[in-house]
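# Coordinate analysis (summary)
Here is how the chains run, residue by residue.
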Amino acid sequence: MKSAAEFYQDFLYKEPKYGYMVAGPSVSPENNPGKGKYHDEWLNKDQSVGIFHGLTMDNQMIYDLLKNTSEAAGILGVDADFARDIDTLRSQLPPMSIGKYGQLQEWLEDWDRETSSHRHVSHLWGMFPGNMISPWTQPQLFQAVKKSLIGRGDGARGWSMGWKVCLWARLLDAEHALRLMKNQLRLMDPDVDMHDDPNGGTYANMFDAHPPFQIDGNFGCCAGIAEMMVQSYTDAIHLLPAVPKEWGTGEVSGLVTRGGFEIEKMTWKDGKLQSVTIKSRLGGNLRLRSAEALVCQSGHNMVVAEGKNTNALTQNYPISSVKIVDETKIPALELPQTQVYDIATKAGDVIVLKGDGGQK
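These notes cover the structure that comes with them. (Residues numbered from 1 in each chain as written. Predicted model: local features only at pLDDT ≥ 70, side-chain atom pairs only at ≥ 80, totals over all residues. Heavy atoms only, no water.)

### Observations concerning the overall build of the protein
Short version of the rule: What counts as a helix is a DSSP run of H or I of at least four residues, what counts as a strand is a run of E of at least two, and both are numbered from the N terminus. In this setup the radius of gyration rests on C-alpha atoms only. A globule is expected at 2.2 Å times the number of residues raised to 0.38. Per-residue accessibility, obtained with a 1.4 Å probe over protein chains only, is compared with the maximum for each type, and a residue is labelled buried under 20%, exposed over 50%, and partly exposed between these values. Should any heavy atoms of two residues lie within 4.5 Å, those residues are considered in contact. Working convention for charge: Lys and Arg count positive, Asp and Glu count negative, and His plus the chain ends are omitted. Taken as the charge centre is NZ of Lys, CZ of Arg, CG of Asp or CD of Glu, depending on the residue.
Per the secondary structure count, the protein includes seven helices and 17 strands. Radius of gyration (C-alpha) of the protein: 22 Å, near the 21 Å computed for a compact globule of 360 residues. A principal-axis box enclosing the C-alpha atoms of the protein has dimensions of 70 × 60 × 40 Å. In the protein, which comprises 360 residues, the share counted as buried stands at 50%. For the protein, the share of sequence-separated contacts (at least 6 apart) that also reach a separation of at least 24 residues comes to 65%. Taken together, the 36 basic and 44 acidic charged side chains of the protein have centroids lying 4 Å from each other.

Okay, structure coming up:
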C-alpha cells in the first residue's frame, strides 16, 4: 500500500483549469464522451477521443488507496509524516461531481449523456465495490449514482450484469436487482455470440454468456445475492436490505460481514425478519440496522444506537466534499424506516435476535 501511494505521489500532477491533482493520461474503461475525433490510419476511419485526466473512477480508487494507507500507518504506529503527506495529497484530488442531469459525472467535465446503452459503469466504483457512497450519509451522491445507472439502462452481459445487480442491491432496489439477475440467468444457445445477442445470459454449463468467458460475471451475480441479504459497508450491518417479493420467505447462513461478524442463520417470512443468529469472531460493538424492531434473546445488552460506532472496523466513509452543478436535479431521497441497535460483544459471543412481528 505504501509503495502504491508513493507511486501516486510521483504520478499525480496539477491540472491547469481547477488546480486539482489528477492522474493522466487515462481512460474511463472503453467509454468516451464523444467530444473529439481523430483519424485512425490503421483502420482508416474516424475514432472518438477517450484519453483524458481526472477521471472519476481514478479519483475514487486513488482517494481510497491514500485513505487506507494513512489509516494503516496510524494503526501500525509508523510513517506519521508520510501519512500526513498523503492526507494532504488526498485533499487535493477532484471531488465527486454531480452533473447537469443529476448524474454522477464520469469525467472531470460535465460531459455525460443523460441516456446511453454503454454497459460500463466505471465511475460508479465508489458505490460498489467501493464503500464511499451511502444513502444514510451521502444521499445526494446516492441519488446521482441511481440517475447514472438508470441512464445506462439494463442492457448488459457477463461481468457488467453482475456489477449492475450489486449496484441495484446497494441502491436498496430489490426488484430491479432481481430483474437483472433473471436476465443473467437466461439460458443461452452456445452457438450465439455477443454480436447476435448483446445482452447475454448463461450457458447450460452455468458459465455467463460473455465470449470470451469471464468468471466475474458469475462471481458478480453471487456477490449481488449476498448484498441483497446483508450489507455492512456503512457503520451498521443492514439485515435484509434488498430482498425481493419473490424471495418473501427464506433463510440464509454463513455470510460474513465487516467487523468479523458471521450470520450463522437468518430467517424471514413475508419479507419480514423472523430471527437471526450472529457470531462475533473478533468482539467489539455490533451495530445492526433492520426494518423490523429486534428483541435480543441471548442475554446481551442491546440499546438504540446513538452517535459514532465505537467499532473501528465498521465506520462510515468520510467524504470531504461534493461538487454539484444543479441541486434542483437531485430528487429528495425517501428511505425506508429502520431501527438501529448497538450490542457490545466479546470474541466468540453468539447473539440471538428475534423480529417482533414486522413493526415498521
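### Considerations on the packing of aromatic side chains
Aromatic rings in a pair are described by how distant their centres are and how their planes are angled relative to each other. Selection criterion: Here the aromatic set is Phe, Tyr and Trp, taking the six-membered ring for Trp, and pairing holds for ring centres within 6.5 Å; pairs whose planes are under 30 degrees apart are stacked, those over 60 apart are edge-to-face, and all others are tilted.
The full count for this structure, using the stated rule, is eight aromatic pairs. Arranged with centres 5.0 Å apart and planes meeting at 80°, the rings of F7 and Y8 form a pair that is edge-to-face. On the accessibility criterion, F7 (43% relative accessible area) is partly exposed. Note on Y8 and F11: the rings are 6.3 Å apart at their centroids and 80° apart in plane angle, and the pair reads as edge-to-face. Of this pair, Y8 and F11 both sit in helix α1 (residues 2–11), three residues apart, which is roughly one turn of that helix. A relative accessible area of 22% means that Y8 is categorised as partly exposed. The exposure class assigned to F11 is partly exposed, which follows from its relative accessible area of 32%.

### Concerning the environment of Y341
Just so we agree on the cut-off: Counting of polar contacts relies on pairs of N or O atoms within 3.5 Å, with two restrictions inside protein: one atom must be capable of donating a hydrogen and the other of accepting it, and residues adjacent in sequence are counted only when both atoms are side-chain atoms.
The residue Y341 is located in strand β16 (residues 339–345) in this model. Residues Y341 and E306, 35 residues apart in the sequence, show an inter-C-alpha distance of 8.4 Å. Beyond its immediate sequence surroundings of up to four residues, Y341 is in contact with L286, R287, L288, A293, L294, M302, V303, V304 and A305. Polar contacts involving the side chain of Y341 include one to the main-chain amide nitrogen of L294, which spans 3.1 Å.

### A word on the packing of helix α4 (residues 139–152) against helix α5 (residues 159–170)
Filter applied, for reference: Under this scheme, a helix contributes an axis fitted over its contacting stretch, all axes are lines through C-alpha atoms, and angles between N-to-C directions fall in the 0 to 180 degree range. By convention the crossing between two helices is left-handed if the near helix lies anticlockwise of the far one by an angle smaller than a right angle, and right-handed if it lies clockwise. Each residue is assigned to one class: nonpolar for Ala, Val, Leu, Ile, Met, Phe, Trp, Tyr, Cys and Pro, charged for Asp, Glu, Lys and Arg, and polar for all the others, Gly among them.
Relative to each other, α4 and α5 sit at 145°, their axes nearing to 11 Å. When you trace α4 past α5, the crossing you get is left-handed. Two secondary-structure elements touch here, α4 through F142, K146, L149, I150 and R152 and α5 through K164, L167, W168 and R170. Across the contact of α4 with α5, the residue classes tally to five nonpolar, no polar and four charged.

### Digging into the side chain of R170
Relative to the assigned elements, R170 resides in helix α5. The class for R170 is buried, based on a relative accessible area of 5%. At 2.6 Å, the side chain of R170 forms a polar contact with the backbone oxygen of M127.

### Section: the pairing of strand β17 (residues 350–355)
We apply this condition: A pair of strands counts as paired when DSSP detects no fewer than two bridges linking them.
Pairing between strand β11 (residues 272–280) and β17: five bridges, direction antiparallel. Residue K279 lies in a different strand from β17, and its bridge partner there is V350.

### Quick look at the packing of α1 against helix α3 (residues 80–91)
Let me state the cut-off plainly: The labels follow the angle: roughly parallel below 35 degrees, roughly antiparallel above 145, roughly perpendicular from 65 to 115, and oblique for the rest.
Between α1 and α3, whose axes approach to 11 Å, the crossing angle comes to 50°. In terms of their interaxial angle, α1 and α3 are classed as oblique. Where α1 crosses over α3, the two elements pack in a sense that is left-handed. In this structure, α1 uses K2, A5, E6, Y8 and Q9 to contact α3, whose residues at the interface are F82, D85, I86 and L89. When its residues are assigned to classes, the contact of α1 with α3 shows five nonpolar, one polar and three charged.

### Re α5
Which entries qualify depends on this criterion: By this rule, a helix spans an expected 1.5 Å times one less than how many residues it contains.
Taking 1.5 Å per residue as the helical rise, α5 with its twelve residues ought to reach 16 Å, and the 17 Å between its terminal C-alpha atoms agrees with that figure. Looking at the buried positions of α5, the neighbouring elements they touch are α4, α6 (174–184), α7 (215–229) and β6 (230–231). In the stretch just after α5, L172 is the one whose phi turns positive, near 65°.

### Remarks on empty space enclosed by the protein
To find the voids left in a structure, one rolls a probe of water-molecule size over its atoms. The test is simple: Buriedness for pockets is judged along seven lines, at least five of which must meet protein on both sides within 12 Å for an open set on the 1 Å grid over protein atoms alone, while cavities are sets there where a 1.4 Å probe fits but cannot get out, and lining residues have an atom within 4 Å of a point. Grid points are joined across faces, edges and corners, and a volume is the space filled by probe spheres set on the points.
What the rule picks out here adds up to four cavities of 30 Å³ or more. The computed volume of the largest cavity comes to approximately 140 Å³. If you go around the largest cavity, you meet 17 residues; those closest to its centre are D112, R113, E114, S116 and R152. The calculated volume of the second largest cavity comes to roughly 60 Å³. Lining the second largest cavity, in full, are P135, W136, R170, L172, Q231, Y233, T234, A236, H238 and R289. Considered class by class, the residues forming the lining of the second largest cavity number five nonpolar, three polar and two charged.

### Focus on the pattern of salt bridges
Under the convention used in this document: Just to be clear on terms, a salt bridge is a Lys or Arg side-chain nitrogen sitting within 4 Å of an Asp or Glu carboxyl oxygen.
Inspection of every chain in the model, using the stated rule, returns 16 salt bridges. A salt bridge links R170 to E227; its shortest N-O distance comes to 2.9 Å. Taken together, the positions of R170 in helix α5 and E227 in helix α7 put the pair 57 residues apart, joining distant regions of the chain. Three or more residues are tied together by salt bridges with common partners; here these are D235, R287 and D342.

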